[in-house]
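Chains, contacts and geometry: an overview
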Amino acid sequence: MIFHASEPRVAEGVRGRAPEVCGVRGCRHSVAVMASPTAGITLSDPTFEPKDRRNAFERFWLNLISDERDLPFIPLALQMTFVIIPLAVLLYVPGVFRWWLAPVYWAVVFPGFMDRYMLMLHNASHRRLFKRKYNFMNKWVPWVIGIFCGQTPETYYIHHITMHHAEGNLPNDLSSTMKYQRDSRIAWLRYFFRFFFFILFDMTRYQLRKKRYPLLRKMLIGELSFYAITAAMMFVNWQATVTVFVVPLVVIRILMMAGNWGQHAFVDPDDPSNDYKSAITCINARYNHRGFNDGYHISHHLVANRHWTDHPAELQENLQAYVDNDAIIFEGIDFFMVWLYLMLGRKDWLVERFVDLREEKRSKEEILALFERRLKKFSPEQLAALQK
């Protein structure tokens, strides 16, 4: 079934439920139930609900962080610090490691924390988590926790903030999807392997070209420090090092590139610099509750430092702009599922999740034609014209 804007739909199990509690007792991030009388879209994704009273734990951390709406990041960071790091250390204890422990460790790291860590890092990169006078604590997420999630410190910030958002998926964006056929498995593999093996060299050239020498130095220190730590730990226990550092590095880079592919798979060939037409939005998905509303990628590109709790309201308040630009919105799925459906060749499954904002509803065939048009790779001539 195609979700029509004139037929409000709430994700299953969401209607009428109590506000979400995001990891801290009493720290409420409520479900947004907002219906436009004209478009009829109902959202179930998290928004912020201020509290009159805070407990001692919350008051302590609120003195340190920049924005009370980011309080859910604190219990997540503490959980990862006191769960993942001790488990990783345990694997290095002489005589402890057995290969059957590796999938146990990965079962804790990947389904338990990886997606939430990625999006906590994303938000902490756009908006300073800790106040300026406690700036040293802003290293906690990328440097202390990050290396146990396969994140090379500083690289994400410099790639995402200073390059991806500056270039906006256009040809000068090193992670641009435009030159690839975006429903092709072979094209995605080329995209991934180029990123995995060459991003450090590409980013070095990019920052040199922009003459951003401090950023380049910061990136190289973070990237090379991770590889130095990994190499050194190989001599301590290579099996544990493969488990703790190598496999997470590969997994998180697969996830990041699959996610970016899904976020920027549908690009209008006539207007690729238009954020409404080069990104997508995923609403009413479990992923938005775990991933701090990461599904609102159009809103995020429109205002990169918009707070994650403000995305649902932005969609409601500016819904007409989404209609006017024929923005692509999916309900109940996330970017990784968008990527997976494209890799499986199941665009018909995406049609079933498509939210049609138009008054005159389109047929399945018309929606598929929209998808095909926006999935098509850009020719070298088109790319060259956009670089001028």
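Refer to the preceding data block for the structure.
As the structure is a computational prediction, the values presented were derived from the model and not from experiment.

1. Description of the overall build of the protein chain
The secondary structure content of the protein chain amounts to 17 helices and six strands. Here the protein chain holds 388 residues, and the buried ones make up 55% of them. Long-range contacts, defined as pairs at least 24 residues apart, comprise 69% of the intrachain contacts of the protein chain with a sequence gap of at least 6. When the accessible area of the protein chain is evaluated, it comes to approximately 17,500 Å², of which 59% is carbon and sulfur surface.

2. Comments concerning the packing of helix α3 (residues 101-126) against helix α8 (residues 238-263)
Direction vectors running N to C along α3 and α8 enclose 40°, while the axes themselves pass 11 Å from each other. Judged by the inter-axis angle, α3 sits oblique to α8. Once α3 is placed against α8, the crossing between them reads as right-handed. Of the residues in α8, those touching α3 at A102, Y105, W106, F110, M114 and M118 are T243, V244, V247, P248, V251, I252, L255 and M256. Tallied by class, the residues present in the contact of α3 with α8 amount to 13 nonpolar, one polar and no charged.

3. A word on the side chain of E331
Tracing the backbone through its elements, the reader meets E331 in strand β5 (residues 328-331). A distance of 2.7 Å separates polar atoms of two side chains, one belonging to E331 and the other to N284.

4. Side note on unusual backbone geometry
Its identity is not glycine, yet E154 carries a phi of approximately 75°, on the positive side. Summarising the element assignment, E154 is placed in the loop between α4 (140-145) and α5 (155-167). Of note, the phi angle at K211 is positive, near 60°, even though the residue is not glycine. The residue K211 is located in the loop between α6 (185-209) and α7 (213-236) in this model. Its relative accessible area of 61% is what places K211 among the exposed residues.

Conventions we followed
- Sequence order as written defines residue numbering, which begins from 1 separately in each chain.
- Note on the predicted model: pLDDT of at least 70 is required for a residue's local features to be given, and 80 or more for side-chain atom pairs to be given and counted; whole-chain, interface and lining totals, by contrast, use all residues.
- Values shown for side chains rest on all heavy atoms present in the structure; no hydrogens or waters enter the calculation.
- Helical segments are the DSSP runs of H or I of at least four residues, strand segments are the runs of E of at least two, and each set is numbered from the N terminus.
- Each residue is placed in one exposure class: buried if its accessible area under a 1.4 Å probe, protein chains only, is under 20% of its type's maximum, exposed if it is over 50%, and partly exposed if it falls in between.
- Any two residues whose heavy atoms approach within 4.5 Å are treated as being in contact.
- All accessibility values rest on the Shrake-Rupley procedure with a 1.4 Å probe; residue burial counts only the protein chains present in the view.
- Structural elements are reduced to axes, namely lines fitted to C-alpha atoms, with helices fitted over the stretch in contact, and the angle between N-to-C directions of any two is expressed from 0 to 180 degrees.
- Between 65 and 115 degrees an angle is taken as roughly perpendicular, under 35 as roughly parallel, over 145 as roughly antiparallel, and anywhere else as oblique.
- Working rule for handedness: look at the near helix, and if it is turned counterclockwise from the far one by less than a right angle, call the crossing left-handed; if clockwise, right-handed.
- Basically, the charged four are Asp, Glu, Lys and Arg, the nonpolar ten are Ala, Val, Leu, Ile, Met, Phe, Trp, Tyr, Cys and Pro, and anything else, Gly included, counts as polar.
- N or O atoms closer than or at 3.5 Å make up a polar contact, with two conditions inside protein: a donor-capable atom paired with an acceptor-capable one, and, for residues adjacent in sequence, both atoms drawn from side chains.

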